[in-house]
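One-letter residues, chain by chain:
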Amino acid sequence: MKRLVNLDAPPAMRRMLGLLPFVLLIVLYVLASDARLAINPADKLLPSFSSMSDALLRMAFEPSKRSGEYLFWTDTWSSIRRLGIGVGLAALIGLSLGIATGAIPLANALFSPLLTAVSLIPCLALLPILFIVLGLGELSKITLITLGITPFIARDIQRRAREIPAEQLIKAQTLGANTAQIICRVLLPQLLPKLINSVRLSLGTGWLFLIAAEAIASTEGLGYRIFLVRRYLSMEVIIPYVLWITLLAFVFDLLLRRLGKRLFPWELPE
Amino acid sequence: MIRAQGLWKSFGDQTVLERINVTVEEGEFITLVGTSGCGKTTFLRMLLGVEPISKGKLDLDGRAIPAEPGADRGIVFQQYSVFPHMTALANVVSVAGFGRRSMTGLLFGSSRREATEAATAMLARVGLTDASHRYPHELSGGMRQRLAIAQALMARPRILLLDEPFGALDPGIRADMHALVIELWREHGLTIFMVTHDLKEGFHLGTRLWVFDKTRHDPHAPGAYGATITYDLPVGSRPTPVADPAPLAGALASTGSDAAIALS
């Protein structure tokens, strides 16, 4: 018998092993849910799969009685839009700041202390300020997401820019490149794949800020809905919504990874 | 062309180089040898303009060497000398865009075609025609160094600085690279400075050999004195083999230099 650290399974079996915990969790849930529903058919805590799918279908394919909107899709769209704009802005600002501070000593001297200070602020604590200054509309929610993840992206890109071997920057200069050309042709192309990684890592934080902002002041959105129906203990809505958010997060991550591979064939996996 | 007068270099209280007085004429091929940490790479970096001079003068055509790298001084490092995100061809084409008055140095239309033609010819010259659409990580170490040399030459430098360019290559490939460098040096009328660990390489290539070593030692302050050029030898008029290096090896052995070991 090999040592446990040397023991591995063939790929098919590895996939089975990976699925096992999911299956166990689902079985466990079904057993617990059935047990509770058998005692009290009106139990709200662990709804059956049928009541969850009923609720989801109602949210997704029946217009709301109050507004006539398809709530599930309205919620999904407004959340994705906020997250997309917030994260997109953060990526753009973070990339610019990261390259500037990573490549230009004077910009580094100017912005680095500010960046460090801002990154230490717990951003959720800024939310009331944002609501007061920017109002309760889209702007404050998007600003929260952007403020929350820009420092992370900027510092990550700054670190990555410094990791690019000095030899390359010197070489570019001996080939006659000026500062703008070094940034555009040597640094930027090598940092874009790093930016995609950085965005992937910060999406989780982005969701966190999004749901927090929506929970507090919003009129639609996935986070808003979850916190709204909490008042009625509507677990049959909350659970599918959480699963849907998880699925969206997974798909975004997958798309970004694919995009990175497609756009940057020279990039070696880390 | 290049003239060092009383050149000193120290990092804090560590003196690395001292009393360097040399004159180099256009077209010389100088190899720099010496123990690790003896300052030969530091000297190269001063020529490159990335290492400030502590004392003395280092002039190019009677004027102080510019304090930053420029297109007149090309460089090939042991590694990281090419851009990993560009194909071999793009690496060489990029040179034509650098140095233009533009933000991106990207080329379009006829200038792009001309640059591609010139780059293709340059790649053919160094034997990389078949690899022109491959990325550096897909090339062998020797091919990457050929690419680095081709790229450096596209900028038409007067001086080519080589910092242990073949240190990581197999002996067979190294011999091919030596031949290539000699040919290109003649074709382009370059002045070459090459740092090497390998004394044989130092003798075999080039017209002039510099040995860097410390002549003064203070046992209580190892950093007090730096290395200087202890031997400045005219070497082999190619292609005849170089003079017998044995006497020099003996001299080096007494200083415990690892260059002497490389000879034996």
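Residues numbered from 1 in each chain as written. Chains lettered and ligands numbered in written order. Predicted model: local features only at pLDDT ≥ 70, side-chain atom pairs only at ≥ 80, totals over all residues.

A separate point is the overall build of chain B. Scanning chain B from N- to C-terminus turns up 8 helices and 10 strands. Long-range contacts, defined here as pairs at least 24 residues apart, represent 68% of the contacts in chain B between residues at least 6 apart. (Helix = DSSP H or I, 4+ residues; strand = E, 2+ residues; numbered from the N terminus. Contact = placed C-beta atoms within 7 Å.)

Before going further, it helps to examine the interface of chain A and chain B. Residue-level contacts link 20 residues of chain A with 28 residues of chain B. When contributions to the side of chain A that touches chain B are tallied by element, the ones reaching two or more residues are α7 (166-174) and α8 (179-216) of chain A. Partitioned by chemical class, the residues of the side of chain A that touches chain B number 11 nonpolar, 6 polar and 3 charged. (Nonpolar A, V, L, I, M, F, W, Y, C, P; charged D, E, K, R; others polar.)

One finds V92 and A150 of chain B to be the most contacted residues of the largest nonpolar core, which totals 102 residues. The leading source of residues in this core is α8 of chain A, at 12 residues. Of the domains in this structure, domain 1 (2-72 + 157-263) and domain 2 (84-155) of chain B are the two that each give at least three residues to this core. Those residues in contact with A150 of chain B that sit more than four places away from it in its chain are V92, M122, L123, V126 and L128 of chain B. By size, the runner-up hydrophobic cluster in this structure holds 7 residues, among which are A55, L222, I226 and V237 of chain A. (Core = buried A, V, L, I, M, F, W, Y, C linked by C-beta atoms within 7 Å. Buried ≥ 20, exposed ≤ 12 C-beta atoms within 10 Å, placed from the backbone. Domains from an automatic or database assignment.)

Another aspect to go through is the pairing of strand β1 (residues 2-11) of chain B. Residues and elements named next belong to chain B. In the sheet, β1 pairs with strand β2 (residues 14-24) via 7 bridges, with the strands oriented antiparallel. When the sheet's bridge partners are listed, A4 is paired in β2 with V22. Counting the residues that bridge the hairpin from β1 to β2 gives 2 residues, and of these G12 lies at a positive phi of roughly 60 degrees. Pairing between β1 and strand β4 (residues 55-60): 5 bridges, direction antiparallel. Paired with W8 across the bridge in β4 is K55. (Pairing = 2+ DSSP bridges.)

Residues and elements named next belong to chain B. Each domain of chain B was delimited in the assignment, giving domain 1 (2-72 + 157-263) and domain 2 (84-155). Looking at which element gives the most residues to the side of domain 1 that touches domain 2, the answer is helix α5 (residues 171-188), with 5 residues. Residue composition of the side of domain 1 that touches domain 2, grouped by class: 11 nonpolar, 1 polar and no charged.

We now examine the packing of helix α4 (residues 141-154) of chain B against α5 of chain B. Residue and element names in this part refer to chain B. Here α4 crosses α5 at 10 degrees, and the two axes come no closer than 11 Å. With respect to α5, the axis of α4 lies roughly parallel. Of α5, the residues touching α4 (which contributes G142, Q145, R146, I149 and L153) are I173, M177, L180, L184 and H188. Among the residues making up the contact of α4 with α5, the classes are represented as 6 nonpolar, 3 polar and 1 charged. (Axes fitted to C-alpha atoms, helices over the stretch in contact; angles between N-to-C directions. Parallel < 35°, antiparallel > 145°, perpendicular 65-115°, else oblique.)

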